[in-house]
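Each chain is listed here by its residues.
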Amino acid sequence: MPPVDTPGNPAAGPVSRKAAGGQDARMTRAEDPWATGGAAAGPPPHRPVTAVEDTLDLRLTEELLAVFASDASDASDASDASDVSDTADASDLPPALRRTPAGGPGASTLLDAPGAWHPATTAAGIFRLVPVRLGRDLAVITRWMNDPAVAAFWELAGPEEVTARHLAAQLEGDGRSVPCLGVLDGRAMSYWEIYRADLDPLARHYPARPHDTGVHLLIGGVTDRGRRVGTTLLRAVADLVLDHRPSCARVVAEPDLRNTPSVSAFLSAGFRFSAEVELPEKRAALMIRDRAHRDHL
């Protein structure tokens, strides 16, 4: 996840990626192209993942798969999606789940349709998540990915084709990961990925629980960094997940342990440090925000 609140550290990337930022011009509401769219402290001392006592090892049972398959088949008749390299192997799921949700990933039943989530009123302004549309949003997301501060974590610098492949893997997938623009007071200023952590490769590296929901984030606009905007929005997005996903008891994130500003931002946003986890491309801090403690942290 990103160093969200410092000018030099705007990005919190996924397990196999890392992230970047640019700057976007402010728009009036009438000019907002998303108006009708879809909708410095370091981490605590080392504690190995085996010390996590409040989580359970997860294996999807046949009964659970059957429930998922029934829900997904009611919502989607789309054709089979191609393999997604940065999410868990689609062959792990039944055929009904290997489809792009009707209405696009923003309508994903696996994530309770993030495209329909209500806006959040925050200290920074009115914030909403708007599912990405490749034709509309590729240019701005590519610009952010080529910001050196973001590219260091997301590793997606390069021409539009690089970003397009990363986005298409989710947009054409089964809905377990939904890429979104973060729109603050009518202005696109951040990029988010809301994903099913229990169905992601991350679940191989920590004791996941059913419906654990993960977040990846980058702050795109330079003027939005270093003002605690990232912390404010992290809390808002975690609240949106818990408000709209009644089956989800925990929101999780895995910022790079070296990224102390990012870890600090998550702590300030009500997440707790759970453990260190060794991921394929980084040693990460497993950060968790619990539904049970959301009103106390």
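Quantities reported herein were computed from a predicted structural model and do not represent experimental measurements.

Visitor: Break down the nonpolar core for me, with residues and values.
Guide: Ranked by internal contacts, the top residues of the largest apolar core, which has 36 residues, are Phe127, Leu129, Trp192, Ile194, Phe266 and Met287. Element by element, the count of residues in this core is highest for helix 5 (residues 229-244), at nine residues. Excluding its chain neighbours within four sequence positions, the residues that come into contact with Ile194 are Leu111, Trp117, Leu129, Arg176, Ser177, Val178, Thr213, Gly214, Val215, Val237 and Val241.

Visitor: Describe unusual backbone geometry, with residues and values.
Guide: Most peptide bonds are trans, and most residues other than glycine sit at a negative phi. Phi angles above zero are rare outside glycine, and Asp112 is one such case at about 60°. Residue placement: Asp112 occurs in the loop between helix 1 (62-75) and strand 2 (120-122). The phi dihedral of Asp185 is positive, around 50°, even though this residue is not glycine. Looking at where Asp185 falls in the secondary structure, it is placed in the loop between strand 4 (177-184) and strand 5 (187-196).

Visitor: Explain the packing of aromatic side chains to me, using residue names and the numbers behind them.
Guide: Going through the model one piece at a time under the given rule, you end up with three aromatic pairs. Here Phe266 and Phe271 contribute two aromatic rings whose centre-to-centre distance is 5.1 Å and whose plane-to-plane angle is 85°, an arrangement assigned as edge-to-face. The two residues Phe266 and Phe271 agree in class, both being buried.

Visitor: Residue-level account of the environment of Pro201, with values.
Guide: With respect to the helices and strands, Pro201 occurs in the loop between strand 5 and strand 6 (213-219). Looking at Pro201, the relative accessible area reads 17%, which means it is buried. Sequence separation of Pro201 and Leu279 is 78 residues, and the distance between their C-alpha atoms is 9.4 Å.

Visitor: Break down the pairing of strand 4 for me, with residues and values.
Guide: Among the eight residues that make up strand 4, eight are buried, leaving the element largely enclosed by the rest of the structure. Where burial is concerned, the two faces of strand 4 agree: the one with Ser177, Pro179, Leu181 and Val183 and the one with Val178, Cys180, Gly182 and Leu184 are both buried. Sheet analysis places strand 4 next to strand 5, joined by eight bridges and oriented antiparallel. Looking across to strand 5, one finds that Ser177 is bridged to Tyr195. With antiparallel pairing between neighbouring strands as the criterion, strand 4 and strand 5 make up a hairpin whose turn holds two residues, including Asp185 at a positive phi of roughly 50°.

Visitor: Account for the environment of Glu161, naming residues and giving values.
Guide: Note on placement: Glu161 falls in helix 4 (residues 160-171). You can call Glu161 partly exposed: its relative accessible area is 48%. Residues Glu161 and Leu138 lie 23 residues apart in sequence; the distance between their C-alpha atoms is 9.2 Å.

Visitor: Let's hear about the confidence of the model for the chain: which residues, and what values?
Guide: Chain-level pLDDT for the chain is 77 on average; 64% of the residues reach the 70-or-more range. A low-confidence stretch, residues 16-32 (pLDDT under 50), is modelled with 78 contacts involving residues beyond four sequence positions or located in other chains.

Visitor: Provide a residue-level description of the pairing of strand 8 (residues 272-279), including the pertinent values.
Guide: The element strand 8 is largely enclosed, with a buried count of six among its eight residues. Pairing of strand 8 with strand 9 (residues 282-290), which is carried by seven bridges, proceeds in the antiparallel orientation. Paired with Glu278 across the bridge in strand 9 is Arg283. Linking strand 8 back to strand 9 in an antiparallel pair, the connection comprises two residues.

Visitor: Describe in detail the packing of helix 2 (residues 134-145) against helix 4, supporting the description with residues and values.
Guide: Contact geometry of helix 2 with helix 4 gives a least axis separation of 9 Å together with a crossing angle of 125°. One element, helix 2, and the other, helix 4, form an angle in the oblique class. Seen along the crossing, helix 2 lies across helix 4 with a hand that is right-handed. Between helix 2, through Leu134, Leu138, Ala139, Ile141, Thr142 and Met145, and helix 4, the contact on the second element is made entirely by Glu160, Thr163, Ala164, Leu167 and Leu171. The residue makeup of the contact of helix 2 with helix 4, split by class, is eight nonpolar, two polar and one charged.

Visitor: Let's hear about the environment of Pro179: which residues, and what values?
Guide: The topology assignment puts Pro179 in strand 4. Residue class for Pro179 comes out buried when judged on its relative accessible area of 1%. Sequence separation of Pro179 and Ala168 is 11 residues, and the distance between their C-alpha atoms is 9.6 Å. Setting aside anything within four residues of it in sequence, one finds Pro179 in contact with Val130, Pro131, Val132, Leu167, Gln170, Leu171, Tyr191, Trp192 and Glu193.

Reading the values: the criteria
Residue positions are given per chain, counted from 1 along the sequence in the order it is written. Thresholds applied to this predicted model are a pLDDT of at least 70 for local features of residues and 80 or more for the giving and counting of side-chain atom pairs; totals over whole chains, interfaces and linings are not thresholded and use all residues. Hydrogens and waters are ignored; side-chain quantities use all the structure's heavy atoms. Only buried Ala, Val, Leu, Ile, Met, Phe, Trp, Tyr and Cys residues count toward a nonpolar core, and they belong to the same one when joined by side-chain atoms within 4.5 Å. Note on exposure labels: buried denotes an accessible area under 20% of the residue type's maximum, exposed denotes more than 50%, and partly exposed covers the range between, all computed with a 1.4 Å probe on protein chains only. A helix here means a DSSP run of H or I that spans at least four residues, while a strand means a run of E at least two residues long, and both kinds are numbered starting from the N terminus. Note on contacts: a residue pair is in contact if any heavy atoms of the two residues lie within 4.5 Å. Each Phe, Tyr or Trp ring (for Trp, its six-membered ring) is paired with any other whose centre lies within 6.5 Å, and the angle between the two planes then decides the class: stacked below 30 degrees, edge-to-face above 60, tilted in between. Paired strands are those between which DSSP finds at least two bridges. Values of pLDDT, the confidence the predictor places in each residue, fall between 0 and 100. Orientation is described by lines fitted to C-alpha atoms, with helices fitted over the stretch in contact, and by angles between N-to-C directions that extend from 0 to 180 degrees. When describing relative orientation, an angle under 35 degrees is termed roughly parallel and one over 145 degrees roughly antiparallel, while 65 to 115 degrees is termed roughly perpendicular and anything else oblique. By convention, the crossing between two helices is left-handed when the near helix turns anticlockwise from the far helix through less than a right angle, and right-handed when the turn is clockwise. Any residue that is not Ala, Val, Leu, Ile, Met, Phe, Trp, Tyr, Cys, Pro, Asp, Glu, Lys or Arg is counted as polar, Gly included; the first ten are nonpolar and the last four charged.

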